[in-house]
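Residues per chain are reported as follows:
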Amino acid sequence: DTDRSRGLGDVYKRQISDPGEDLVRMCHEHGIKVESVPGPTAFATAMAISGMPSGRFTFEGFLSVNKASRTEHIQSIVKEPRTMIFYESPYRVVKCLEQFAEVFGPERRVSVSRELTKKFEQTVRGTVAEVLEHFRTTDPKGEFVIVLAGKPKPKRETAADEEE
């Protein structure tokens, strides 16, 4: 299947889908550090250690440096339910997270990794607001991979709500 309109995650999901996703999420919940054996691409490594759903995702690559194109790209994916992966430079990572807070909301979950498989590898996870605050106070260095949670599904009404 090579239909590019469906997103890279759809094309490669069988190769990248990881049954260890639940184990990684539980490790994060219990404060256990997770490291990944390097793969051929930074996005796969970042996805594997993010703890985000990896069954279906979309690789968005680098956002444009042109403000209008960048804004248009972000607006086009505002309702995307799949996990989204972006590459970003250290010079624009704060601006990118600021735009994500504005468009996707400050409470959206995000994982930001830098220098994957290198000496100064780091991953910061939390809400967009929390991770943004980290990079406002810590000078961003290195190349970044941002893994952003997709739009949450609406919560189902409880049985009591349905009866009313």
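This text follows the structure it describes.
Residues numbered from 1 in each chain as written. Predicted model: local features only at pLDDT ≥ 70, side-chain atom pairs only at ≥ 80, totals over all residues. Heavy atoms only, no water.

Undergrad: I'm lost on the pattern of salt bridges in this one. Help?
TA: Between side chains of opposite charge, a pair can form when the charged atoms approach closely. Taken as a whole and assessed by the stated rule, the structure comprises eight salt bridges. Glutamate 29 is the partner of arginine 25 in a salt bridge, and the nearest nitrogen-oxygen pair spans 3.6 Å. Placement of both arginine 25 and glutamate 29 in helix H2 (residues 21–29) is noted, with a separation of four residues, approximately one turn of the helix. Arginine 25 gets classed as partly exposed once you look at its relative accessible area, which sits at 33%. A salt bridge links glutamate 88 to arginine 70, with the nearest nitrogen and oxygen atoms 2.9 Å apart. (Salt bridge = Lys/Arg side-chain N within 4 Å of Asp/Glu carboxyl O. Helix = DSSP H or I, 4+ residues; strand = E, 2+ residues; numbered from the N terminus. Buried < 20%, exposed > 50% of the residue type's maximum accessible area, 1.4 Å probe, protein only.)

Undergrad: Explain the packing of aromatic side chains here, please?
TA: Between two aromatic rings, the relevant description is the distance of the centres plus the angle of the planes. In this structure the tally under the stated criterion is seven aromatic pairs. Relative to phenylalanine 144, the ring of phenylalanine 135 has its centre 5.4 Å away and its plane inclined at 90°; by these criteria the two rings are edge-to-face. Among the aromatic residues, those joined into a cluster by ring pairs are Phe43, Phe57, Phe59, Phe62 and Tyr87. (Phe/Tyr/Trp six-rings, centres within 6.5 Å; stacked < 30°, edge-to-face > 60°.)

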